[in-house]
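Working through the structure, step by step
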Amino acid sequence: MTTRLLILFLLLFPCSAFAEGFSGYAEVKGFAYGERFAGEPRGAGWGTLYGKWEQRLDQSQFTSSLRAEWLTSPQTSPLVFDPADRRLRRPPLSVPELWLRIPLAPSHDLEFGRFQLGWGKTDGYSPADAFLPRDVTDPFADEKLPLWAVRLSGQEDNLRYQAVLVPVTTPWRLPPLGSRNAPIAPGALPQGTRFYEKDDEPPLPGFAALRLLATHGDWDLGVWGRSGVRPAPILEFSLDPALQSGAAPVISVGRRYPREHGVGVEVSRVAGPYVLRGEAAALFSADRELGDALIGTLSVERGFGDGTLLVTLAGNAIDPPVDPTLLFDRGLLPALIVAWNRTEEWGAWKLVWDCGLKRGDGLLKGEVGYNLTDTWKVTVGGDLPYGSEQGPLGALHGARRLVAALRRSW
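Reading the values: the criteria
- Residues numbered from 1 in each chain as written.
- Predicted model: local features only at pLDDT ≥ 70, side-chain atom pairs only at ≥ 80, totals over all residues.
- Heavy atoms only, no water.
- Helix = DSSP H or I, 4+ residues; strand = E, 2+ residues; numbered from the N terminus.
- Rg over C-alpha atoms; globule rule 2.2 N^0.38 Å.
- Buried < 20%, exposed > 50% of the residue type's maximum accessible area, 1.4 Å probe, protein only.
- Contact = heavy atoms within 4.5 Å.
- Core = buried A, V, L, I, M, F, W, Y, C linked by side-chain atoms within 4.5 Å.
- Pairing = 2+ DSSP bridges.
- Axes fitted to C-alpha atoms, helices over the stretch in contact; angles between N-to-C directions.
- pLDDT = per-residue confidence, 0-100.
- Phe/Tyr/Trp six-rings, centres within 6.5 Å; stacked < 30°, edge-to-face > 60°.
- Lys NZ or Arg CZ within 6 Å of the ring centre and 35° of its normal.

Focus on the overall build of the chain
Across its full length, the chain carries one helix and 23 strands. In terms of overall size, the chain behaves like a compact globule, its C-alpha atoms giving a radius of gyration of 22 Å where 410 residues would be expected to give roughly 22 Å. Dimensions along the principal axes, computed over C-alpha positions, put the chain at roughly 70 × 55 × 40 Å. Classification of the 410 residues of the chain by burial places 43% in the buried group. Considering only contacts in the chain between residues 6 or more positions apart, those separated by 24 or more positions represent 59%.

Given below as structure tokens:
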């Protein structure tokens, strides 16, 4: 209740008294679903209060942020101290950023703390990014989780590098199994089946990664490697006799985190108004359910004024040992992803089409944001998963929805 009142207060009153290095927003968001699903209501709400503080310390940069959230659906954990985001459900309070960047020499920086890591292109698919943890509490948001890590980055002439050490595993966060956001394929289990999801402790060690990039004329070339615990879990289902109390079974669900190693190459080139990219990655694991992968992507990007159109084709040349849907980041492959976004004088809009080429399922997503003032913004949109219910997006037919949000920024 306290979080809700604080969000409402900040939406209604100006925040000009905050310090110069402080920014953030308060947002209320509503969802209207096209159908009921397993007793869930046809509407839901989500409130967010986010604050960020940035401060220069001589030549260094300190950044921290705090986020408080309120969800009407039962997808948050109790109010506990979980700074590494290792709990089963989304915490009401979290620290998305807490990092310090220190210059070691001209064009060389050391960064440590909690921050976002991203090597791929937004709204596309990159095997260099696919191993990073995600929060799919909202399955259509594609939210990356920040990491506790140390990063060394720099540049010498045309050579750039990033070395990352992540000492703590931050696992993927999944919505409750059997909910509209994580359904089980129809007919796969008896009617009324319930799930008991164990709050397993992920392994402590994370991963290490190194990326090298070089520029030669209109060409960008890169290689990368990484090794460590894979943050996307492998789900293990079992029947515990002690939990059976009725006609419908209760299935226990555990999570296992195998180790995985990978190397990749990437190349991009500017060709007139287009940016062409290609990536290939070889991934290796001794785990019998995860197996190996050989993932490639091709993409083309073009700018249109203050907007960008990005088309990405991605696939895996090695069939996984299990249904790829169970591997999360490889679930949609092969896939075609088309994303078009643009900033206008009055606001911004975005259109996305994700298409799974194997099962014929996909997602159509659109949103329009209108700037009421410099600090107030209203956004409306919708998410339409379609196609085979055996696919990772088609299975989300019960999550078809309209979305409206009101944000107050400062």
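Some thoughts on the nonpolar core
Core analysis: the largest hydrophobic core is formed by 23 residues, its most contacted members being Leu 117, Trp 119, Tyr 125, Leu 147 and Phe 207. Every element with two or more residues in this core is listed here: β8 (147–156), β9 (159–166), β11 (207–216), β16 (274–284) and β17 (293–304). Residues in contact with Leu 147, not counting those within four places in the same chain, are Gly 113, Arg 114, Phe 115, Leu 117, Leu 132, Pro 133, Val 166, Thr 170 and Phe 207.

Section: the sheet that holds strand β14 (residues 250–256)
The strand order across the open sheet built from three strands is β10-β14-β13, with neighbouring strands paired in mixed fashion. The strands lining the two open edges of the sheet, one partner per strand, are β10 (194–197) and β13 (234–239). Strand-to-strand, the axes of this sheet are offset by a mean angle of 35°, without reference to chain direction. Bridging between β13 and β14 involves six bridges; their strand directions are antiparallel. Following the sheet pairing, Phe 237 is matched in β14 by Val 253.

Some details on the environment of Ala 404
Secondary-structure assignment places Ala 404 in strand β23 (residues 401–409). Put simply, Ala 404 and Arg 89 are 315 residues apart on the chain and 24 Å apart in space, counted from C-alpha to C-alpha. Once you skip the residues sitting within four places of it in the chain, Ala 404 turns out to touch Val 28, Lys 29, Gly 30, Thr 379 and Val 380.

Description of unusual backbone geometry
That bond from Leu 333 to Pro 334 is cis: its omega, -5°, falls within 30 degrees of zero. Despite not being glycine, Ser 107 has its phi angle at roughly 70°, a positive value. With respect to the helices and strands, Ser 107 occurs in the loop between β4 (93–105) and β5 (108–115). The backbone of Asp 157 sits at a positive phi, close to 55°, despite the residue not being glycine.

Here we look at the confidence of the model for the chain
Should pLDDT be low for a region, the predicted coordinates there are not to be read in detail. Considering every residue of the chain, the mean pLDDT works out to 89; 94% of them sit at 70 or more. Under a pLDDT of 50 for its full length, residues 5–19 has, in the predicted model, 24 contacts with residues more than four places off or in other chains.

A word on the packing of aromatic side chains
The geometry of two aromatic rings is summed up by the distance between their centres and the angle between their planes. Tallied over the entire structure, the rule returns nine aromatic pairs. Summarising the aromatic geometry, the rings of Trp 172 and Phe 328 are spaced 5.7 Å apart at their centres and angled 40° between planes, so their arrangement reads as tilted. Pair noted here: Trp 172 is in the loop between β9 and β10 and Phe 328 is in the loop between β18 (307–316) and β19 (335–343), with a separation of 156 residues, a long-range link. Judged by relative accessible area, Trp 172 falls into the buried class, the value being 9%. Note on Phe 328: relative accessible area 24%, which makes it partly exposed. Ring centres of Phe 304 and Trp 340 lie 5.9 Å apart, and the angle between their planes is 50°; this geometry places the pair in the tilted category. Of this pair, Phe 304 sits in strand β17 while Trp 340 sits in strand β19, and the two are 36 residues apart along the sequence. The exposure class of Phe 304 is partly exposed, given its relative accessible area of 30%. Grouping aromatic residues by their ring pairs yields a cluster made of Phe 31, Tyr 33 and Trp 46. Between the NZ or CZ atom of Lys 29 and the centre of the ring of Trp 46, over which it lies, the distance is 5.9 Å. Just above the ring of Tyr 33 sits the side chain of Arg 180; from NZ or CZ to the centre is 4.0 Å.

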